[in-house]
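Now for the letters of each chain:
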Amino acid sequence: MKHILLGVMMVMSVSVMAQTTDSSFSSKPGNSRYMIRGYGDANFISGEGKTSFGNARFVPLFIYKQSDRLLFESELEFEIENGEVEIALEYANFYYQLTPNMTVRMGKILIPFGTFFDRLHPSWINKLPTVPLGYGHDGLLPTSDLGIELRGATFLAGMRANYSAYMTNGPRLNDGEEEADEIGMIVPKADIDNNKNKAFGGRFGLFPFADQSLEIGFSAQSAKLGNEGSEFEDIGAFLYAFDWTLVKNVSALGGRVDLRGQLNFVNIDNRPYDILENGNLETFDFDNKSKTSFYQLAYRPTFGSQFIQNLELVGRYSTLTTPEEAPWESESTQLTFGLNYWMDWRSAIKIAFQSDEVEGGHDSPGLTKTDLFFIQWTIGF
């Protein structure tokens, strides 16, 4: 089935591109376009016995348009973290419009696993200064990877729909060589492929209402995780997720309601793992299944003065559960409340309070609670 999917993607891409006229690739001076967009943010954080300014970011987005159908886009991230400047390539890919309703991308792409990282990760779009549990650079869920993706829009039973299908290098398995207490954990990093297998996945979104105020989606990904030639090379993973987005003006509430959420499931083939710790060999045999979720509600009034209409209330509840009896077993909950003031449609000052509770984990086996206060100023450009 995987090879069939890949074949369909390649045949469709090549056949449509072959029909494209030379004029769409015109290289005459003045026909190409170059644009810089992006976002930036500055943060103030208080909690855990420290209060400081930090984690300032500059994230430029470079877009080069070769023709009406062909462009190249990339996003760099420059971040000051722990007193050092960190540089990361978020994505960089070619983008070609096959038809008015279908495109293909190749390179380092944002993975359409649900909607959060693919659509909401920029700080001027994310309504809170933090991300839900399970996301981010050190999370369990795929964010970006090297590969190819086909996406488009269509109709299904009279309803609007969108879809994507992709093939990437895929995630890896933590084999315990560097961090023994994280053995068996999925590592969704985009770099050199560790085996000959590829990850296959996609997302399908449906708009059941004519005004497109509600979108419901389903995502899935299948991949082999182990290093080629290792004892774990046959270990596979199947990830799937359900997401929903409802954005609607509600006259009875005098404002716009923005309701979003996502349920994620990570299933990895079971295998006993041996860990040598303090000269003792310990075996861990557990059901390697994790799940994470977030539920977010935002409200922005449409009545009163301009100052009132620029305010937005946001709340988010997030959970993360990792396998029982694993060395990294934990159960986490996160509750975040925020108040945003929108200076304009792409610049905001956010004030937020976040409370995290973690039961278990290899860093602290007991119950730990962390309360943090955030102020973030963000702008999209």
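## Considering the overall build of the chain
Here is step 1: The helix and strand inventory of the chain stands at 3 helices and 20 strands.
Here is step 2: Residues counted as buried form 47% of the 381 residues belonging to the chain.
Here is step 3: Residue pairs at least 24 apart in sequence account for 58% of intrachain contacts in the chain once pairs closer than 6 positions are excluded.
Here is step 4: A total of about 19,800 Å² of accessible surface is found on the chain, and carbon and sulfur atoms cover 59% of it.

## Comments concerning the packing of aromatic side chains
Here is step 1: In total, this model carries 17 aromatic pairs according to the counting rule given.
Here is step 2: Aromatic side chains F58 and F78 sit 6.0 Å apart centroid to centroid with 20° between the ring planes, which places their arrangement in the stacked category. Highlighted residues: F58 in strand β2 (residues 50–65) and F78 in strand β3 (residues 70–81), separated in sequence by 20 residues.
Here is step 3: Judged by relative accessible area, F78 falls into the partly exposed class, the value being 27%.
Here is step 4: Through successive ring pairs, a cluster of aromatic residues spans F218, F238, Y240, F242 and F265.

## Side note on the pattern of salt bridges
Here is step 1: Summed over all chains, the structure comprises 16 salt bridges.
Here is step 2: One salt bridge connects E149 with R151, and the closest N-O pair in it is separated by 2.8 Å.
Here is step 3: Using a relative accessible area of 25% as the deciding quantity, one classes R151 as partly exposed.
Here is step 4: The partner of D258 in a salt bridge is R260, with the nearest N and O atoms 2.8 Å apart. With respect to burial, D258 and R260 carry one shared label: buried.
Here is step 5: Salt bridges sharing common partners tie together E73, R105, D118, E149 and R151.

## Brief notes about the pairing of strand β18 (residues 330–344)
Here is step 1: For strand β17 (residues 311–321) and β18, the ladder comprises 11 bridges, and the chain directions are antiparallel. In the strand pairing of β18, L320 is matched with S332.
Here is step 2: One ladder, built from 14 bridges, connects β18 with strand β19 (residues 347–360); its direction is antiparallel. Bridge pairing links Q334 to D356 in β19.
Here is step 3: Joining the antiparallel neighbours β18 and β19 is a turn of 2 residues.

Rules and cut-offs
Residues numbered from 1 in each chain as written. Predicted model: local features only at pLDDT ≥ 70, side-chain atom pairs only at ≥ 80, totals over all residues. Heavy atoms only, no water. Helix = DSSP H or I, 4+ residues; strand = E, 2+ residues; numbered from the N terminus. Buried < 20%, exposed > 50% of the residue type's maximum accessible area, 1.4 Å probe, protein only. Contact = heavy atoms within 4.5 Å. Areas by Shrake-Rupley, 256 points an atom, 1.4 Å probe, with all protein chains shown as cover. Phe/Tyr/Trp six-rings, centres within 6.5 Å; stacked < 30°, edge-to-face > 60°. Salt bridge = Lys/Arg side-chain N within 4 Å of Asp/Glu carboxyl O. Pairing = 2+ DSSP bridges.

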